[in-house]
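Coordinate analysis (summary)
Okay, here's what each chain looks like letter by letter:
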Amino acid sequence: MFKNIKYLLLSMFVVFKHLFKKPVTLEYPEKKITPPKEFRGKPVVKNCKGCGICLRVCPSGAIQIDKENSSFKIDLKKCIFCGNCAYYCPHGAIKMSEEYELASNDKEDLIMNYRIGGVDERN
Ligand code: SF4
Ligand code: SF4
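None of these values were measured; they are calculated from a predicted model.

What follows concerns the site of ligand 2. Lining the immediate environment of ligand 2, one finds Val 45, Cys 48, Lys 49, Gly 50, Cys 51, Gly 52, Ile 53, Cys 54, Cys 89, His 91, Ala 93 and Ile 94. Considered class by class, the residues forming the shell around ligand 2 number 8 nonpolar, 3 polar and 1 charged.

As a further point, take the environment of Leu 76. Mapped onto the elements, Leu 76 comes out in the loop between β3 (71–75) and α3 (84–88). Of the residues examined, Leu 76 has 16 C-beta atoms within 10 Å and is grouped as partly exposed. Leu 76 sits 13 residues away from Cys 89 along the chain, and the two C-alpha atoms are 18 Å apart.

Moving on to the site of ligand 1. Cys 58, Cys 79, Cys 82, Asn 84 and Cys 85 are the nearest of the 14 residues found near ligand 1. Class assignment for the residues of the shell around ligand 1 results in 11 nonpolar, 3 polar and no charged.

Counting 14 residues, the largest nonpolar core has Val 45 and Ile 63 as the members making the most contacts within it. Elements with a contribution of two residues or more to this core: β3 and β5 (111–115). Contacts of Val 45, omitting those with residues within four sequence positions, involve Phe 72, Ala 93, Ile 94 and Tyr 114.

On to the environment of Val 24, then. Position of Val 24 among the secondary structure elements: in the loop between α1 (2–19) and β1 (43–45). Assessed through the 6 C-beta atoms surrounding it within 10 Å, Val 24 is described here as exposed. The sequence separation of Val 24 and Cys 48 amounts to 24 residues, and the corresponding C-alpha distance is 40 Å.

It is worth spelling out the pairing of β3 at this point. Only one face of β3 is buried: it carries Phe 72 and Ile 74, and the other face, with Ser 71, Lys 73 and Asp 75, is open. Bridging between strand β2 (residues 63–66) and β3 involves 4 bridges; their strand directions are antiparallel. Bridging from a neighbouring strand, Ile 65 pairs with Phe 72 of β3. Hairpin connection between β2 and β3: a loop of 4 residues separates the two successive antiparallel strands, and Ser 70 in this loop has a positive phi of roughly 50°. With 5 bridges connecting them, β3 and β5 associate as antiparallel partners. Within β5, the residue paired with Phe 72 across the bridge is Tyr 114.

Rules used throughout
Residues numbered from 1 in each chain as written. Chains lettered and ligands numbered in written order. Predicted model: local features only at pLDDT ≥ 70, side-chain atom pairs only at ≥ 80, totals over all residues. Near = placed C-beta within 6 Å. Nonpolar A, V, L, I, M, F, W, Y, C, P; charged D, E, K, R; others polar. Helix = DSSP H or I, 4+ residues; strand = E, 2+ residues; numbered from the N terminus. Buried ≥ 20, exposed ≤ 12 C-beta atoms within 10 Å, placed from the backbone. Core = buried A, V, L, I, M, F, W, Y, C linked by C-beta atoms within 7 Å. Contact = placed C-beta atoms within 7 Å. Pairing = 2+ DSSP bridges.

Below, the structure written as structure tokens:
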């Protein structure tokens, strides 16, 4: 009996102790975080020269380059967001963005299509 009361008081103490503390979780997706500046989200490409260096340093084979068709693709299903492509691109054409909400029911949505030499994202 006394043991039960002791545990009841102890649990109430724990509850009260945390009642006035700032929550460590976020009510996502209603509230969203601003990622820190070192965050590596979706890689975005602009003014790519098609040199292919990123292709060679990508550890997961997520990048496809088709120079004949000026096509540059990043498959986000394969990308591990390591940032190698952005780090080694000699033209600064890839940036790791802050975008982290990338979930989709359609696999095609996860293939980023860019144009070599251009600034537009094709999808
Ligand atoms: S972030 Fe890493 S895994 Fe993703 S495309 Fe770039 S090099 Fe490949
Ligand atoms: S993104 Fe950079 S490293 Fe990759 S092909 Fe384009 S210019 Fe070369």
